[in-house]
Structures are given as structure tokens and as C-alpha cells.
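Structural characterization, general
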Amino acid sequence: MHLGVFEVAGPQVGGTLSWSHPTSDSLHYRDPDHWVAVAQLLEAAGFDFLFFADGYGYPSRDGDLPAAAARDGLNFSGIDPMLLIPVLARETSRIGFVVTSSTGIDHPVAMARRFATLDHLTGGRIGWNVVTGASQDTIAQLFGHTAMVAHDTRYEMAEEFLDLCLQLWEGCWEDGALREDKAAGVYADPDRLHRIEHAGAHYSTSGYFTVPPSPQRTPVLFQAGSSARGREFAAGNAECIFVQGTSLPHTAANVTDLRARAGAAGRDPESIVVLVGATVTVGTTHEEALAKRAEFEAMQTDEVAAIIYAGNTGIDLLALDPDRPLSQITDDAGADPRVGQMGQSNIDRFRRPDGTTPLVREVLAELRGRGTRGFTVVGDAVEVADQLEEIMDATGVDGFLLEAIFSPADHHAFCELVVPELQRRGRLLREEDRSAGSGSLRERLGDGTSAHLSPDHPGARHVPLARV
Ligand SMILES: Cc1cc2nc3c(=O)[nH]c(=O)nc-3n(C[C@H](O)[C@H](O)[C@H](O)COP(=O)(O)O)c2cc1C
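Residues numbered from 1 in each chain as written. Predicted model: local features only at pLDDT ≥ 70, side-chain atom pairs only at ≥ 80, totals over all residues. Heavy atoms only, no water.

On to the site of the ligand, then. Neighbouring the ligand are 18 residues, the closest being H151, Y155, S227, Q344 and S345. Between the ligand and the protein, one listed contact pairs a nitrogen atom with a backbone N or O atom of D54 at 2.7 Å. Within the complex, 90% of the 600 Å² of free accessible area of the ligand lies under protein. The residue makeup of the shell around the ligand, split by class, is six nonpolar, 11 polar and one charged. (Near = heavy atom within 4 Å. Polar contact = N/O pair within 3.5 Å; in protein donor to acceptor, adjacent residues only side chain to side chain. Areas by Shrake-Rupley, 256 points an atom, 1.4 Å probe, with all protein chains shown as cover. Nonpolar A, V, L, I, M, F, W, Y, C, P; charged D, E, K, R; others polar.)

Written as C-alpha cells, this is what we have:
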């Protein structure tokens, strides 16, 4: 079982309200020591990585920040998690770090340089969650764009953005091009450097990548975005995919679809690590866990659910008829043609196999306390381990991204109570039983044989012949 923790360098994760609960210490998110303690805790427990969601935007309603989003700190306010990573890397030695960064805002050269730098500074423990980005309406306003880029165009741009990054990481420096030979007076061998020429539909570059090859060259590529277009992008490019799943059949179908698409793209379907979100509330007894969960649920409202949903889809559920199906957003005369342009994952998740959708009041009830989270798992350690095993076996996912409600208390409880139970069952490797490899995140998540992209990844075609 692969395990990561889903965090955000802000008040709270998952599109729910919890920062103001006495058990939560998430307001320390601006204190590096807070994150060092979390990273060290997870590393000692054998977690693969600490994952940060991120984005420039925030929820909006009628073109502005809803007062409740500011008051409740709902996907609003935070710091740039990328800048935390060198601090965390210095205080740990094995755990990986995954940072979400959106394509379509700056130039691929800038993104490639930042991640190559982080790969150097972490000793090959960095991953990039490549997203096209939530809250595109407020991002367009913040960056002064005249209009929001259309949903599928964002993915088209992301394909080109990533391909150019791959050219820079894989194609510019041959192995051995960096000589650093003081005696010979040669820093880099010009004959082993390749100029990158790219003139595409959205980006162009002509020149050399200035960061020498890092331990992994390409960061481990994650993707989160579950629309049909998002799945195609993920299956073609991602090494680890974070799927949104709340029901066993829906998640199983999603996993099967992703692996089939990866196979069709010429990749080994089984090499792709698929993870699903899980909100685990564990107690020393079943009752204690239920009581903790009930305290969280008492804080949730329809308003919270609606604001987060609007940030991900552009749809204000509270403005719809609660007693009619969600499909009113597309079926009604005069329906907003922009529906689906912000993001489709959170619309698709309410589409049943027969095409029908639940009533808006049912959607709100489902989202209340759930937000953008995946599975809800509550119980004592044995019950939690049973449920996690069931999800894995029934869906084919390779593990979980844990989405705490009270952070970091939930991480402590999971490490103390659930980790030993999963180790006892042979589901989770003890740190001392792992083969270290070179210590890269790619070896930790994959078959442990190489810190570099596998030959069936599209980025491998950019490797200069001299390196093959
Ligand atoms: C599980 C999951 C996690 C996501 N995390 C982020 C994130 O941290 N930052 C962000 O800007 N977008 C995030 N997104 C949004 C995606 O980037 C994407 O823009 C959005 O889902 C729209 O694409 P879609 O229609 O394929 O869903 C996430 C989406 C999913 C499904």
C-alpha cells in the first residue's frame, strides 16, 4: 500500500471547515517547524510522500469572493508550499515531497527550472502534481486575462507545457555533459549539450536549459483531474494519479479506464500508481472515532459545501431549485453555456451510469462534510485497516492520500494506531524492509530499479541518443 498525506499550506484541506476546532493546529501553516514535525512523523511511519495541493485562485460567487469564504477560510488564503520544500528536505532523508503546480500560467522554462532545482535540493525526492488548475475564473481575473481559457484547451496547453518541460529535463544535457573537472578546466562539455528548439501552438523556446541534470531529471509526475480529458492526459503522462472517488464501483471503473487508456498510449498499465483520497478518523475505540467524526460534521453547513463546489465548477448550488435534479444546470432553457468549463470532475461524480443525476438537495447533503474529499473511513484501528483493504481490493487502487479533518492530530492518530495494524497485515512495508535504491521518490513508488523515467514514458523520446 502506498501512502501519502494530502495537505495544503493554508487553513484546511478538502473543502470542509475544521481549522477552528480546538483539536486542529492547522493555523500554524506559516511556521516551518509545524511542517518539519509533520514530515518527520510521516517519514518515521513509512509514508511515501507529503503532498501539497496549491493554486492561485479562490472560490467566487457572482464574480467576487463570497464573504463566507473569507470568514471560514474556505480555499482562501495560504502560502506557496514550493518554498517550504527545501526546509523540509533538510530535516528529513527519505520521505518524498509532491507539490501541485498549475500549467497555463507561467512559461514551461520557469516551471522546469524550479522543479529541477527542487530535485537537486531534495536529493531526488520531488514530485510535481501537474494540474490545469481549479478556480480558473478568479485566476483569470488575478492575472489580468480577458477571459478564462476553455476547459479542453487548458488540457491541450498542459500537454504542450509538460512536453516542453520534458524536453528541457531529458533532452538538453547528456549524461556526463557536466564535467566539473578542475584539473582540465572544463565545467561542461559543449559537445554533449543539445539546443532545445520548440515552436508550438502555445509555447516556444530556443536555447539551452541552464540547470544541470538532477537525480531524477524529471520529477515524479502526478496528476489530479478526473474528467474524460483529464484522464486521457493522466494516462498519457502521469506516473502517479490521484483520482477522486467516493464509491467503490465508480472508483473501480475510473481505475480500469485509466489503466486501459495508459495501455492504449503504449505504457505499462500496471506501472501507474493510482491513489484515492481517504478521510480517516481513527480512535482507540469505535465510539471514540465516531464522536470525533460527529464533532467535525457538526461544523459543516450547506453554505460551506456550496462555496467549495462553486470554486471547482462555477455552479452555485444554493441558487438552483433544490427539489430538481442537478442536470437542470445543462437541461434548462437559457442554461449557462460555461457550465463544465471550470472543471468537470465535480460534475461527473454525480452522474449515474444511466445518465441521471440526484436532486440538488441530495447533492448538497452528499457534499456537506465531504467537499472534495474521497472515501470516509471511521473506526478503531482494525476497522480502519479492514475498510482500507476493502477499498484497495474492490477498486484496484494502489493506496491512499490521507485527507485529515484535524491536522496534524489525525496524522498522529493514524501513525500510532493504523500503521502498526497495516504493517502486521503485510500491507505496509516497515522502513527497514525497503530497498533504499538511490533514495529517489521514483524508486520508492515504482519497482525500485531507476531514478529516471521508464522507457515507455513519452518523455523518454527526448533522451539524446547518446544516453539510450
Ligand atoms: C483529486 C483532485 C485534486 C486536485 N487538486 C488540485 C490542486 O491542488 N490545485 C488545483 O489548482 N487544482 C486541483 N485539482 C483540479 C484539477 O487541476 C483540474 O483543474 C480540475 O479538476 C478541472 O479538470 P477536470 O475537469 O479534469 O476535473 C484537483 C482535482 C482533483 C480531482
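Next, the rest of the story.
This part is about the packing of aromatic side chains. For any pair of aromatic rings, geometry is given as the distance between the ring centres together with the angle between the planes. Using the criterion set out here, one finds 16 aromatic pairs in the structure. Ring centres 5.4 Å apart and planes at 85° place the aromatic pair F161 and Y203 in the edge-to-face group. Separated by 42 residues along the polypeptide, F161 in helix α6 (residues 151-171) and Y203 in the loop between β7 (196-199) and β8 (204-207) bring together distant segments of the chain. By the burial criterion, F161 is buried, and Y203 matches it. An aromatic cluster is defined as three or more aromatic residues linked by ring pairs; in this entry it consists of F6, F49, F51, F222 and F242. (Phe/Tyr/Trp six-rings, centres within 6.5 Å; stacked < 30°, edge-to-face > 60°. Helix = DSSP H or I, 4+ residues; strand = E, 2+ residues; numbered from the N terminus. Buried < 20%, exposed > 50% of the residue type's maximum accessible area, 1.4 Å probe, protein only.)

Our focus in this paragraph is the packing of α6 against helix α7 (residues 228-237). For the pair α6 and α7, interaxial distance at closest approach is 10 Å and the crossing angle is 10°. Taken together, the axis directions place α6 and α7 in an arrangement best described as roughly parallel. Touching H151, D152, Y155, E156, A158, E159 and L162 of α6 are R229, G230, F233 and N237, all from α7. Classifying every residue of the contact of α6 with α7 by side-chain character gives four nonpolar, three polar and four charged. (Axes fitted to C-alpha atoms, helices over the stretch in contact; angles between N-to-C directions. Parallel < 35°, antiparallel > 145°, perpendicular 65-115°, else oblique. Contact = heavy atoms within 4.5 Å.)

Checked against the element boundaries, E362 lands in helix α13 (residues 360-367). Overall, E362 belongs to the partly exposed group, its relative accessible area being 40%. With 38 residues separating them in the primary sequence, E362 and R324 have C-alpha atoms 9.7 Å apart.

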